[in-house]
Amino acid sequence: MKKISYVLPVYNEGESIDRFYTDLRRALAKVRDRYTFELIFVDDGSRDDSLERMKAIHAADPDVKVVSFSRNFGHQIAITAGIDLSTGDATIVMDTDLQDPPEVSLELIERWEQGYDVVYAQRRTRGDTFFKRWTAHAYYRLLNRLSDVEIPRDTGDFRLMDAQVTAELRRFREKNRFVRGLVASLGFRQTAVAFDRPNRFAGKTNYPLKKMVKLAYDGVTSFSTQPLQLITRLGFLAFLASVVGIAYALVVKIFFPEEAVSGWTMTIIVILLMGGIQMLTLGIVGTYVGRIYSEVQQRPLYIVSEVLQHGGEAVGHPASAATQTAARPMSRTD
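Since the model is a prediction, treat every value here as computed from it, not as a measurement.

About the thresholds
Residues numbered from 1 in each chain as written. Predicted model: local features only at pLDDT ≥ 70, side-chain atom pairs only at ≥ 80, totals over all residues. Heavy atoms only, no water. Helix = DSSP H or I, 4+ residues; strand = E, 2+ residues; numbered from the N terminus. Buried < 20%, exposed > 50% of the residue type's maximum accessible area, 1.4 Å probe, protein only. Contact = heavy atoms within 4.5 Å. Areas by Shrake-Rupley, 256 points an atom, 1.4 Å probe, with all protein chains shown as cover. Core = buried A, V, L, I, M, F, W, Y, C linked by side-chain atoms within 4.5 Å. Patch = residues over 30% accessible without salt bridge, like charges linked within 9 Å, V, L, I, M, F, W, Y side chains within 5 Å. Salt bridge = Lys/Arg side-chain N within 4 Å of Asp/Glu carboxyl O. Pairing = 2+ DSSP bridges. Right-handed = clockwise from strand over helix to strand, strands pointing away. pLDDT = per-residue confidence, 0-100. Phe/Tyr/Trp six-rings, centres within 6.5 Å; stacked < 30°, edge-to-face > 60°. Axes fitted to C-alpha atoms, helices over the stretch in contact; angles between N-to-C directions. Left-handed = near helix turned anticlockwise from the far one by under 90°. Nonpolar A, V, L, I, M, F, W, Y, C, P; charged D, E, K, R; others polar.

Caption draft 1: Quick peek at the overall build of the chain. Scanning the chain from N- to C-terminus turns up ten helices and nine strands. For the chain, with 334 residues in total, the buried portion stands at 47%. Considering only contacts within the chain whose residues lie at least 6 apart along the sequence, 81% involve residues at least 24 apart. Counting only carbon and sulfur atoms, one obtains 61% of the accessible surface of the chain, whose full area is about 16,900 Å².

Caption draft 2: Spatial organisation of the nonpolar core. Residues Ile4, Tyr6, Leu39, Phe41, Ile92 and Ile109 are the most contacted members of the largest nonpolar core, which totals 37 residues. No other element matches the six residues that helix 1 (residues 17-28) contributes to this core. Sequence-distant contacts of Ile4, that is, excluding residues within four places in its chain, are made with Tyr35, Thr36, Phe37, Glu38, Ala90, Ile92, Ile109 and Trp112.

Caption draft 3: Up close: a nonpolar patch on the surface. Residues Val251, Ile254 and Phe255 make up a contiguous nonpolar surface patch of roughly 330 Å² in combined accessible area. Of the residues examined, Val251 reaches a relative accessible area of 40% and is grouped as partly exposed.

Caption draft 4: Fine view of the pairing of strand 6 (residues 155-162). Burial analysis of strand 6 places eight of its eight residues in the buried class, the great majority of the element. In this structure, strand 4 (residues 90-93) lies alongside strand 6, joined through four bridges in antiparallel fashion. Each residue of the ladder has a partner; that of Ala90, found in strand 6, is Asp162.

Caption draft 5: Highlighting the pairing of strand 1 (residues 2-10). Most of strand 1 is tucked away: seven of the nine residues are buried. Where strand 1 and strand 2 (residues 35-43) come together, nine bridges link them in parallel fashion. Within the sheet, the bridge partner assigned to Val10 lies in strand 2 and is Asp43. Crossover handedness for the path strand 1 to helix 1 to strand 2: right-handed. Judged from the four bridges that link them, strand 1 and strand 4 form a sheet pairing that is parallel. Paired with Val7 across the strands is Val93, a residue of strand 4.

Caption draft 6: Spatial organisation of the confidence of the model for the chain. Residues with a pLDDT of 70 or more make up 64% of the chain, whose mean pLDDT is 77. Across the chain, the secondary-structure element scoring lowest on mean pLDDT is strand 9 (residues 331-333), at 45, and the one scoring highest is strand 4, at 95. Low confidence marks residues 316-334, where pLDDT is under 50. Its contacts with residues over four positions away, or in another chain, come to 55 contacts.

Caption draft 7: Layout of the pattern of salt bridges. Following the criterion strictly, the structure yields 16 salt bridges and no others. Measuring nitrogen to oxygen at the nearest pair gives 2.9 Å for the salt bridge that ties Lys2 to Glu113. Linking Lys2 in strand 1 with Glu113 in helix 4 (residues 102-113), this pair joins segments that are 111 residues apart in sequence. Glu113 sits in the partly exposed class, given a relative accessible area of 37%. With a closest N to O distance of 3.1 Å, Glu38 and Lys65 form a salt bridge.

Caption draft 8: Representation of the packing of aromatic side chains. Taken as a whole, this structure holds five aromatic pairs when the rule is applied. Relative to Phe73, the ring of Phe69 has its centre 5.4 Å away and its plane inclined at 85°; by these criteria the two rings are edge-to-face. Both residues of the pair, Phe69 and Phe73, count as buried. Pairing Phe69 with Tyr302 gives two aromatic rings, centres 5.4 Å apart and planes at 20°, and the pair type is stacked.

Caption draft 9: Fine view of helix 7 (residues 179-186). The element helix 7 is extensively covered by neighbouring structure, given that seven of its eight residues are classed as buried. All of the buried residues along helix 7 are Val179, Arg180, Gly181, Leu182, Val183, Ala184 and Leu186. At the C-terminal side of helix 7, Gly187 shows a positive phi close to 90°.

Caption draft 10: A look at unusual backbone geometry. If you check the backbone angles, Asn12 has positive phi at about 55° while not being a glycine. Topologically, Asn12 is positioned in the loop between strand 1 and helix 1. Under the relative-accessibility criterion, Asn12 is labelled partly exposed at 25%.

Caption draft 11: The arrangement of the packing of helix 1 against helix 4 in detail. Relative orientation of the contacting elements helix 1 and helix 4 amounts to 40°, with a least axis distance of 8 Å. Here helix 1 runs over helix 4; the crossing is right-handed. Residues Phe20, Asp23, Leu24, Ala27 and Leu28 of helix 1 touch helix 4, and the partners they reach there are Pro102, Glu103 and Leu106. When its residues are assigned to classes, the contact of helix 1 with helix 4 shows six nonpolar, no polar and two charged.

Shown next as structure tokens:
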């Protein structure tokens, strides 16, 4: 039978993880005669009792692995670690807050069996605030206008990937990761499954506005050089503004010398305009330079403090220590 790996990043989901596991197991029971499963929970440095609950689930279920980070490395890195350790013929990434319904994962498997290499869950509706729905709608459309890669609209990281796709994805080791963009850039045969995204089962979102903005910024700067090209456009506009200011100053000086002192206002405006543009462009250039600095350090993407698994099986596909792309995890078998 084919093996399906579930990569399940967890951060402070103690209130919902037991319910999620129960719902997932109920869904998988429908296809248990056709597939085997491994459930890889990746604890991203949770501060509540999430890890203890995952250990209890692991103790009772031989299909469950638990990967524990030494600290919080971020949602995208947790997904990466789970993919690194997955061993299935296909891998499904989904969150554990029950906004990614387990039943929908079965639909992803059905489409994969039809010959698709990547099947992503596309949100038909979403139970979020108007502000979040509107900003998400605008962001994906802006991203596709700026990006060199077409990233499916209204999708998150909830998707299935064939083993060939995950093998290629493991080769991408940049630190500022935008997994859904990386998967889109790989190509292969991709299709969507539409679903209605519910509200969180419990707790509060682990993606507040600050993290959402950072993820959005990572998406734009990881797959586009348009912000750098924007500097040229801003420079051109600043040049036009300067020409207008010079022309105005000359006209006042020549034809209205008694009012020449009024040019002080224009001088202040031009100084402030140029100062603002310079700071903006330096910030954009600094972002790209900072990314270069981060990459050349070649530090591990994550550090695993513990891996819990049953039966002494191999620990997936840990990255090579020689390349220092990820820390080699310490395995403990039951």
